[in-house]
Amino acid sequence: MLDIQTLRNDLAGVAARLKTRGFELDTAKFEQLEAERKTIQTRTQELQARRNAASKLIGQAKAKGEDVSAIMAEVSVLGDELKKYESILPQTLQEIDAFLAEIPNVPHASVPIGKSEADNVETHKFGEPKKFDFEVQDHVSIGEGLGGLDFDTASKISGARFSLLKGPLARLHRALAQFMLDTHTEQHGYTETYVPYLVNADSMRGTGQLPKFEADLFRVTARPSANALTKMIQPETTQFEDIGSFYLIPTAEVPVTNMVRDEIVALEKLPMKFVAHTPCFRSEAGSYGRDTRGMIRQHQFEKVELVQMVHPEQSYAALEALLGHAEVILQKLGLPYRVVKLCTGDMGFSAATTYDIEVWLPAQNTYREISSCSNFEAFQARRMQARFRNAAGKPELLHTLNGSGLAVGRTLVAVLENYQNADGSVTIPDVLRLYMGGMEKLSK
RNA sequence: GGAAGCGUGGCCGAGCGGUUGAAGGCACCGGUCUUGAAAACCGGCAACGAUGCGAGUCGUUCGUGAGUUCGAAUCUCACCGCUUCCGCCA
C-alpha cells in the first residue's frame, strides 16, 4: 500500500511513476473520494466534539446534584445527524482503503523502464552453458528414464500440474532443500523457521496477495460453526473470507513476513533474517497451455525462501546481499545462470525492485527463472503495520525483502538437465553427495 | 465434540457507566549524585487520524462488530482468538 500522504501531496507524480509499470491511476476518482472524505470527516468530528463537551458537562452537573434536563435536551438534538455521519464515514474510509489496496508499488528510480520481459536488463552471468556431444534430453525424459518421475500417476491422484517423485530422485529433491537450508543458516546468518501453510486473509492482505489476486490462490474452508454460518449469509457481512476459511500459501513469504504484522520491534532487533522451506500452492489460473510438460509450473512445489525485515536505510544493500545468498546456491551446484533486473512493466504488484535469477536449461536452450529477489520497501510493512522503534523512539515502518533461495523443483530440473550423461544417467553435484549417502550418480 | 475461563498501552497489570487515554510496575529517554558505572532520587514517555505554516486544537482506539445510553474499557448480544480440563486423534 502506498502512503496516502504522498498521493495527496504529489498525485500527478505518483501517477506518472505508476504509468511506467502499466498502471493507470484513476486520479479523478481519488480526488473525488478525498473531497468526500474531507467534508464528511470534519463534520463528523465536529459533531462528536460537541457531544463530548456536552456529555462532560452533564457528568459534572450531576456530580454537583444540579438539574441536567436542559443540557440533555440540547445534546439529543445532535443525535440524528451524528448517527448519519458516523455511519457514512467508515464507508467512505473503506472506499479509500479499497482504492489504495489495489494500487501497486511505485518502482524504485533505478528500475529500467519497460513493458515486458523483453525489456528486462541482464546485470551479470555465472558459468558457461555446457556443450553436450550428444542429443540432450529434457528433465521429463531423464526422470522417466530413471524411473523416478511419474506424471501419469500424479494426474491420476490429483490432476494436471502435479508431479510424483520416487526413489533416488525423491531423495535428490529432498537433498536440494536440505543443502539450501544448511547453506543459508550456517553461512548467511538466517534463522530457520517452520511456519503454517494455511494462513488467514489478514496475512494475505499484508503481503499483497489479497484483495487483487485471490484467483491465484487456493482457499480451503473449514466447517464453520452454526452461528458463523448464519452470519455469513447475512447480507451485511462482507468478510466471508475471514470466517472459517484459510488460504494455502503461494510462497513462504506470506507466513514469514507476517511474523512482524502489527508489531513494533526494537531497533537493535534489525535486521531480521529468516529462511523457511515450505510447499507452495498456486492455482496457475491464466497460465493454461504454458509449461504444461514437466515440473516447471505446478500447483504444488517446494521452495526455500529468504525473508528480511530491515531498517529503511539498509534495504537496498540488503537486497544486493540477499541476491548474493541465492546466487551462492547455484554457484555451489555449478549451474550456469544469469541475473536480470526486472523492468517496470514486469515487476510484481508489491515490489519496488526485483532481480530474477535465471538458470540455464539445456533442453530448452534458454535461461529460466529459478529465483526472484525483491525489495518491497515499506509497501508490505504499511499494509501490515510492521514497524520498528527508531533512534528518536518513534515507531517507523520497516522495509521487507524476500527472495527464493531457491525454488526446489526447478533446481531439480536444472540439475537433471545440466548433469545428464549420454547413457541417461545423471551425475550428482559434489555438494549434494553428502546428502545422498555418498551416491555419485543416478542411473537406472 | 463437551465444560470453564480470559482478551486493557512496547511488556506486565489495575480499573463503582461520568475530566479514565486509562492507576501502579517494568522497559526506554533526560537530569541529579558518582572518578566511571551501578544503585538511589527527580522528570518525561501510547498509537493512529483530521486540521493548521506553526505552537496547538479536535477526533478515534481497552480482541472485532452490532446494541443500550446524553455519555461505555466498564452493561447486552454475536463473532474471532487464546488458555485450562474431559473426550477423540498424528
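Below: a short report on this structure. It should be emphasised that the depicted structure is a prediction, and the values quoted were computed from it without experimental measurement.

### Let's talk about the pattern of salt bridges
Oppositely charged side chains can pair when the atoms bearing their charge come close.
Alright, step 1. The full count for this structure, using the stated rule, is 18 salt bridges.
Alright, step 2. Between Glu46 and Arg43 there is a salt bridge whose closest N-O contact spans 2.9 Å. Here Glu46 and its partner Arg43 are both found in helix 3 (residues 27-63), three residues apart, which amounts to about one turn of the helix.
Alright, step 3. Since its relative accessible area comes to 40%, Glu46 is described here as partly exposed.
Alright, step 4. For the salt bridge of Arg261 with Asp262, the shortest nitrogen-to-oxygen distance reads 3.9 Å.
Alright, step 5. We classify Asp262 as exposed; its relative accessible area is 53%.

### A look at the sheet that holds strand 13 (residues 395-397)
Within a sheet, adjacent strands bond to each other through the backbone by hydrogen bonds, running parallel or antiparallel.
Alright, step 1. Here we have three strands laid out as an open sheet, ordered 6-12-13, and mixed in their pairing. The open sheet has two edge strands with one neighbour each: strand 6 (264-265) and strand 13.
Alright, step 2. Here strand 12 (residues 387-389) runs beside strand 13; their pairing, made up of three bridges, is antiparallel. In the strand pairing of strand 13, Arg387 is matched with Leu397.

### With respect to the side chain of Glu305
Alright, step 1. Here Glu305 is to be found in strand 8 (residues 300-310).
Alright, step 2. A polar side-chain atom of Glu305 sits 2.6 Å from a polar atom in the side chain of Lys303.
Alright, step 3. When sequence neighbours within four positions are dropped, the list of residues in contact with Glu305 reads Thr251, Ala252, Glu253, Phe274, Val275, Ala276, Asn402, Gly403, Ser404 and Gly405.

### With respect to the nonpolar core
Alright, step 1. In terms of nonpolar packing, the biggest core is built from 51 residues, with Leu172, Leu176, Met180, Leu330, Leu335, Ile357 and Leu442 touching the most fellow members.
Alright, step 2. Aside from chain neighbours lying at most four places away, what touches Leu176 is Leu333, Val408, Thr411, Leu412, Val415 and Leu432.
Alright, step 3. Among the nonpolar cores identified, the runner-up in size contains 19 residues, and Leu25, Leu33, Val106 and Phe379 belong to it.

### What to know about a nonpolar patch on the surface
Alright, step 1. Residues Leu198, Val220 and Phe246 make up a contiguous nonpolar surface patch of about 220 Å² in total accessible area.
Alright, step 2. Structurally, the position occupied by Phe246 is in strand 5 (residues 245-248).

### Quick word on the pairing of strand 9 (residues 337-341)
Alright, step 1. In terms of residue burial, strand 9 counts as a mostly covered element, since four of its five residues are buried.
Alright, step 2. Note that strand 1 (residues 121-126) and strand 9 share five bridges and pair antiparallel. Paired with His124 across the strands is Val339, a residue of strand 9.
Alright, step 3. Strand direction decides the pairing type here: strand 9 and strand 10 (residues 353-361), joined by five bridges, are antiparallel. From the neighbouring strand, Tyr337 faces strand 10, where its bridge partner is Val359.

### Looking at the packing of aromatic side chains
Alright, step 1. Under the definition given, this model contains eight aromatic pairs.
Alright, step 2. Ring centres of Phe126 and Tyr337 lie 5.2 Å apart, and the angle between their planes is 20°; on these two criteria the pair is classed as stacked. You can see Phe126 sitting in strand 1 and its partner Tyr337 sitting in strand 9, a full 211 residues away along the chain.
Alright, step 3. Overall, Tyr337 belongs to the buried group, its relative accessible area being 0%.
Alright, step 4. In this structure an aromatic cluster arises from ring pairing among Phe213, Phe349 and Phe379.
Alright, step 5. Its guanidinium or amino end placed over the ring of Tyr190, Lys273 lies 4.9 Å from that ring's centre, counting from NZ or CZ.

### Thoughts on the environment of Asp3
Alright, step 1. Inspection of the secondary structure puts Asp3 in the segment before helix 1 (4-9).
Alright, step 2. A relative accessible area of 27% places Asp3 in the partly exposed class.
Alright, step 3. Counting along the chain gives 379 residues from Asp3 to Arg382, while the straight-line C-alpha distance between them is 7.8 Å.
Alright, step 4. Separated by 3.1 Å, the side chain of Asp3 and the backbone nitrogen of Gln5 make a polar contact.

Calculation notes
- Residues numbered from 1 in each chain as written.
- Chains lettered and ligands numbered in written order.
- Predicted model: local features only at pLDDT ≥ 70, side-chain atom pairs only at ≥ 80, totals over all residues.
- Heavy atoms only, no water.
- Salt bridge = Lys/Arg side-chain N within 4 Å of Asp/Glu carboxyl O.
- Helix = DSSP H or I, 4+ residues; strand = E, 2+ residues; numbered from the N terminus.
- Buried < 20%, exposed > 50% of the residue type's maximum accessible area, 1.4 Å probe, protein only.
- Pairing = 2+ DSSP bridges.
- Polar contact = N/O pair within 3.5 Å; in protein donor to acceptor, adjacent residues only side chain to side chain.
- Contact = heavy atoms within 4.5 Å.
- Core = buried A, V, L, I, M, F, W, Y, C linked by side-chain atoms within 4.5 Å.
- Patch = residues over 30% accessible without salt bridge, like charges linked within 9 Å, V, L, I, M, F, W, Y side chains within 5 Å.
- Areas by Shrake-Rupley, 256 points an atom, 1.4 Å probe, with all protein chains shown as cover.
- Phe/Tyr/Trp six-rings, centres within 6.5 Å; stacked < 30°, edge-to-face > 60°.
- Lys NZ or Arg CZ within 6 Å of the ring centre and 35° of its normal.

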